[in-house]
Amino acid sequence: MSPRNVVFKKVSRDKSVAVYMANRDFVDHCDFVDPVDGVIVIDPLQLKGKKVYVMLSCAFRYGRPGEDVMGVAFHRDLFLVTRQVYPELQDKEKLTHTKIQHKLLRKLGDNAFPFFFEFPDNLPCSVALQPGPSDVGKKCAVEFEVKAFCGENQDDKIDKQSSVSLSIRKIQYSPENSQLVPAAETTFEFLMSEKPLTVKMSMPKETFYHGEPVRVNVEITNSSSRNIRDISVSVEQVTNIVLYSNDKYVKSVAKEETNDCVPSGTSLKKEYVLYPLLALNKDRRGLALDGRLKHEDTNLASSSIVKQEVLKEVQGILVSYKVMLRMIAAGTLASSEVSLELPFRLMNPKPDPVSWVTWSLRSLNEST
């Protein structure tokens, strides 16, 4: 999470335009997304009569910028909107929506102009796939960016000298007060066995926080004639890459393999504890991680929560988690694998919003 007690500032190389933002993390609350707002500061002498635009983009990237293979680009814009901020097309007051913007405008003077964007509700959150140790180039990721630039019109080729970009993130926090207690149960019938094998699995809550141990309760009642052995429990990350096609990747991020067994006519009731941590999965190519800004620490990607009505419209990278219980049912003539899965969420808790606002407002009085 980016700090909220600073104002982010970035200036173009020719100093014609600068971007000021009080935040680089924007929260998707499911029913709405925090708007993207900030202030652009211009130097009229450096502009030389050109207009100033600000752009908000969401892109799916893979490989180095400008690369393509067999005509297929490794960059696709999932969302792109551009607005003119100078000369003004609207009164400043109509474009000023937050206290932070009001304070920045008063502090930065007459050459400061506000901007304001709203996200559509069908965009994914910031996610990146972890590269392997030998991978080079830009990682596969969903990235968001605010860019300010100068030109005669918004379709002009953007001059790097008179443009400035600031990476931002779209993130989600754990929903509050979820009362759901995940549970799954199934019965297996075997040939030459009069009675079944019953397997139950449950978790104390639906959402676990990053860094928190994941507790799984397993109950096996083996009334069958087979012997149960090689019981394993794992947390699996399911990554859906929805772009030109729908590709699904499943990777185990925590696993406990045991010598537990349940002979015919017996039962087992046990709690297993798993630790799905990025620290235990370093350098594993293709794991989905939460998007990060520069060299900040990150974690395994948070579970994606998407409104059902826009699920079919969402492109990019969507992430979910499940616990998988597997075991071998060994018989006299043959053995077979038995499995049961249980979905859950892995997310970050929602921080205290009151302290954020207080720090942000105070920082404007200290420095920019």
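Residues numbered from 1 in each chain as written. Predicted model: local features only at pLDDT ≥ 70, side-chain atom pairs only at ≥ 80, totals over all residues. Heavy atoms only, no water.

- As recorded in an unreviewed UniProt entry, the protein chain goes by S-arrestin and comes from Perca fluviatilis.
- The record in UniProt for the protein chain states the following under Sequence similarities (unreviewed entry): "Belongs to the arrestin family." (UniProt positions renumbered as here; feature names shortened; annotations may be inferred.)

### Focus on unusual backbone geometry
Phase 1 of the analysis: The step from Tyr-86 to Pro-87 runs through a cis peptide bond, and the omega angle for that step is -5°.
Phase 2 of the analysis: Here Pro-87 shows up in the loop between β8 (75–86) and α2 (92–95).
Phase 3 of the analysis: For Asp-283, which is not a glycine, the phi torsion comes out positive at approximately 65°.
Phase 4 of the analysis: Structurally, the position occupied by Asp-283 is in the loop between β19 (267–274) and β20 (288–290). (Helix = DSSP H or I, 4+ residues; strand = E, 2+ residues; numbered from the N terminus.)

### So, empty space enclosed by the protein
Phase 1 of the analysis: With the rule as written, the count across this model stands at 2 cavities of 30 Å³ or more.
Phase 2 of the analysis: Of the pockets and cavities examined, the largest cavity occupies roughly 160 Å³.
Phase 3 of the analysis: Lining the largest cavity are 18 residues, and of these Asp-28, Leu-123, Lys-170, Gln-172 and Ile-305 sit closest to its centre.
Phase 4 of the analysis: Per-class residue counts for the lining of the largest cavity are 10 nonpolar, 3 polar and 5 charged.
Phase 5 of the analysis: Counting contributing residues per domain, the lining of the largest cavity is built from domain 1 (8–172) and domain 2 (183–347), each supplying no fewer than three. (1 Å grid on protein atoms, 1.4 Å probe; cavity = no way out; pocket = protein on both sides within 12 Å on 5 of 7 lines; lining within 4 Å. Points joined across faces, edges and corners; volume = space filled by probe spheres on them. Nonpolar A, V, L, I, M, F, W, Y, C, P; charged D, E, K, R; others polar. Domains from an automatic or database assignment.)

### Focus: the environment of Ser-225
Phase 1 of the analysis: Counting through the fold element by element, Ser-225 comes out in the loop between β16 (214–222) and β17 (227–242).
Phase 2 of the analysis: Judged by its relative accessible area of 46%, Ser-225 is partly exposed.
Phase 3 of the analysis: Separated by 29 residues in sequence, Ser-225 and Pro-196 place their C-alpha atoms 8.4 Å apart.
Phase 4 of the analysis: Setting aside residues up to four positions removed in sequence, Ser-225 forms contacts with Met-192, Ser-193 and Ser-264. (Buried < 20%, exposed > 50% of the residue type's maximum accessible area, 1.4 Å probe, protein only. Contact = heavy atoms within 4.5 Å.)

### Looking at the environment of Val-41
Phase 1 of the analysis: Take Val-41: it is sitting in strand β4 (residues 36–42).
Phase 2 of the analysis: Val-41 sits 22 residues away from Val-19 along the chain, and the two C-alpha atoms are 6.5 Å apart.
Phase 3 of the analysis: Other than its neighbours up to four places away in sequence, Val-41 contacts Ser-16, Val-17, Ala-18, Tyr-20, Leu-108, Asn-111 and Ala-112.

### Section: the side chain of Asn-222
Phase 1 of the analysis: Here Asn-222 shows up in strand β16.
Phase 2 of the analysis: Its relative accessible area of 1% is what places Asn-222 among the buried residues.
Phase 3 of the analysis: Those residues within four positions of Asn-222 in sequence are excluded, and the remaining contacts are Pro-196, Leu-197, Asn-227, Ile-228, Val-262, Pro-263, Ser-264, Gly-265 and Thr-266.

### With respect to the nonpolar core
Phase 1 of the analysis: The biggest cluster of nonpolar side chains holds 76 residues, and the ones touching the most others in it are Val-36, Ile-40 and Phe-115.
Phase 2 of the analysis: If you tally residues by element for this core, the top one is strand β21 (residues 316–330), at 7 residues.
Phase 3 of the analysis: Every residue in contact with Ile-40, bar those within four places of it in the chain, is listed here: Val-17, Ala-18, Val-19, Val-52, Val-54, Val-85, Asn-111, Ala-112, Phe-113, Phe-115 and Ala-148. (Core = buried A, V, L, I, M, F, W, Y, C linked by side-chain atoms within 4.5 Å.)

### Here we look at helix α3 (residues 99–108)
Residues lying three or four places apart along an α-helix face the same way, a consequence of the helix completing one turn every 3.6 residues.
Phase 1 of the analysis: Every buried residue of α3 is accounted for by Ile-100, Gln-101, Leu-104 and Leu-105. Looking down the long axis of α3, one finds its buried residues gathered within 130° of arc, a one-sided arrangement. Turned more than 90 degrees from where α3 packs its buried face, Lys-99 and Arg-106 sit exposed.
Phase 2 of the analysis: In the stretch just after α3, Gly-109 is the one whose phi turns positive, near 95°. (Arc of directions from axis to C-beta.)

### Details of the sheet that holds strand β13 (residues 183–188)
Phase 1 of the analysis: Spatially, 4 strands are ordered β13-β14-β16-β19 in an open sheet, and the strand pairing comes out antiparallel. Each end of this open sheet is capped by a strand with a single partner; those strands are β13 and β19. Across this sheet, the average inter-strand angle for adjacent strands is 15°, counted without regard to direction.
Phase 2 of the analysis: Bridge count between β16 and β19: 8 bridges; the pairing is antiparallel. Across the sheet, Val-218 pairs through a bridge with Lys-270, a residue of β19. (Pairing = 2+ DSSP bridges. Axes fitted to C-alpha atoms, helices over the stretch in contact; angles between N-to-C directions.)

### Digging into the packing of aromatic side chains
Between two aromatic rings, the relevant description is the distance of the centres plus the angle of the planes.
Phase 1 of the analysis: In this structure the tally under the stated criterion is 6 aromatic pairs.
Phase 2 of the analysis: Ring centres of Phe-119 and Phe-144 lie 5.5 Å apart, and the angle between their planes is 85°; on these two criteria the pair is classed as edge-to-face. Pair noted here: Phe-119 is in the loop between β9 (112–117) and β10 (127–129) and Phe-144 is in strand β11 (residues 141–151), with a separation of 25 residues, a long-range link.
Phase 3 of the analysis: Assessed through its relative accessible area of 10%, Phe-119 is described here as buried.
Phase 4 of the analysis: Using a relative accessible area of 2% as the deciding quantity, one classes Phe-144 as buried.
Phase 5 of the analysis: Ring geometry for Tyr-321 and Phe-344: centres 6.1 Å apart, planes at 40°, overall tilted. With Tyr-321 in strand β21 and Phe-344 in strand β22 (residues 335–347), this pair connects stretches of sequence that are 23 residues apart. (Phe/Tyr/Trp six-rings, centres within 6.5 Å; stacked < 30°, edge-to-face > 60°.)

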